[in-house]
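Understanding the architecture of this molecule
Now for the letters of each chain:
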Amino acid sequence: MRKEINNFKIKKYVYTFLIAVVVFLLFLYSGVNSINAQAYRVVNATFTNNDNEKIASYELKVADTVQLRTKGLMFVKALNDNEGMLFSYDEDIVMNFWMKNTFVPLDIVFLNEHYIVVGIIENMIPQGGKDIRDDDIPRYSINRKSRYAIEIPAFSAKKYGIKIGYKVNIQN
């Protein structure tokens, strides 16, 4: 009888310990996700043509730090038609993008310091879930300096007629 009681106590402690570990891991995981979700500031962007007519609007997460720009839209499994990401830099640079760990095809629109479209790359191919060496992942660039880049769902530039010379209005 005493042996059964000791076995019961041991099992109780083991189960309690396992439950505590699971609760801790859930807490840790939810904390990491909420930090990442809160790290991005969101802005509204409206593309206008040369006649100042609105042609498309997006809700964009802003990637304005090295950490946020590095993560970008990695691991995002779906993107609504009106969602995207704004990559913001403090100076004009030649930007290079890749689709490592990215699961949705994207267009990217490059802007100068005045938010004028200076380049567009359509339908960047996702590389998420692929067993591929970093050196073998394609890089995308317009090989021209720009201040901002906006990633939007693939084929959006064509769908809305976004062209070089058009303007983007950003509102917080």
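Let us look at the structure shown here.

Conventions we followed
The residue numbering used here restarts from 1 in each chain and proceeds along that chain's sequence as written. Per-residue local features are limited, in this predicted model, to residues with pLDDT of at least 70; the limit for side-chain atom pairs, both in listing and counting, is 80 or more; totals at the level of whole chains, interfaces and linings are taken over all residues. Hydrogen atoms and water are omitted, and side-chain values are computed over all heavy atoms in the structure. We count a stretch as a helix when DSSP gives it H or I for four or more residues in a row; a strand needs E for two or more, and each element gets its number in order from the N terminus. Residues adjacent in sequence count toward polar contacts only when both atoms are side-chain atoms; beyond that, a polar contact is any pair of N or O atoms within 3.5 Å, and within protein one must be able to donate a hydrogen and the other to accept it. It only takes one pair of heavy atoms within 4.5 Å for two residues to be counted as in contact. Salt bridge, as used here: a side-chain nitrogen of Lys or Arg that lies within 4 Å of a carboxyl oxygen of Asp or Glu. Relative accessibility thresholds used throughout: buried, under 20% of the residue-type maximum; exposed, over 50%; partly exposed, between the two (1.4 Å probe, protein chains only). Two aromatic rings from Phe, Tyr or Trp, using only the six-membered ring of Trp, form a pair when their centres are within 6.5 Å; if the ring planes differ by under 30 degrees the pair is stacked, by over 60 it is edge-to-face, and anything between is tilted. Note on criteria: charge over ring means Lys NZ or Arg CZ within 6 Å of the ring centre, with the direction from the centre no more than 35 degrees off the ring normal.

Let us look at the side chain of asparagine 112. Residue placement: asparagine 112 occurs in the loop between strand 5 (106-111) and strand 6 (117-124). A polar contact is formed between the side chain of asparagine 112 and the backbone nitrogen of histidine 114, at a distance of 2.8 Å. Not counting the four nearest positions on each side in its chain, asparagine 112 is found in contact with Val118, Arg147 and Tyr148.

On to the pattern of salt bridges. Within the structure shown, the criterion is met by five salt bridges. When the shortest N-O distance is used, the salt bridge between arginine 41 and aspartate 64 registers 3.5 Å. Remark: aspartate 64 occurs in the loop between strand 2 (54-63) and helix 2 (66-71) and arginine 41 occurs in strand 1 (residues 41-48); sequence separation between them is 23 residues. The class for arginine 41 is partly exposed, based on a relative accessible area of 42%.

Taken as a whole and assessed by the stated rule, the structure comprises five aromatic pairs. The interplanar angle of 65 degrees and the centroid separation of 6.0 Å between the aromatic rings of phenylalanine 97 and phenylalanine 110 together place this pair among those described as edge-to-face. Here phenylalanine 97 is found in strand 4 (residues 97-98), whereas its partner phenylalanine 110 is found in strand 5, with 13 residues between them in sequence. Look at phenylalanine 97 and you get buried, because its relative accessible area is 7%. According to the relative accessible area criterion, phenylalanine 110 is buried, its value standing at 0%. Grouped by ring-pair contacts, the aromatic residues Phe47, Tyr58 and Tyr160 constitute a single cluster. The aromatic ring of tyrosine 89 is capped on one face by arginine 69, whose charged end is 4.2 Å from the ring centroid. Positioned over the ring face of phenylalanine 103 is lysine 77, at 3.7 Å from the centre of the ring.

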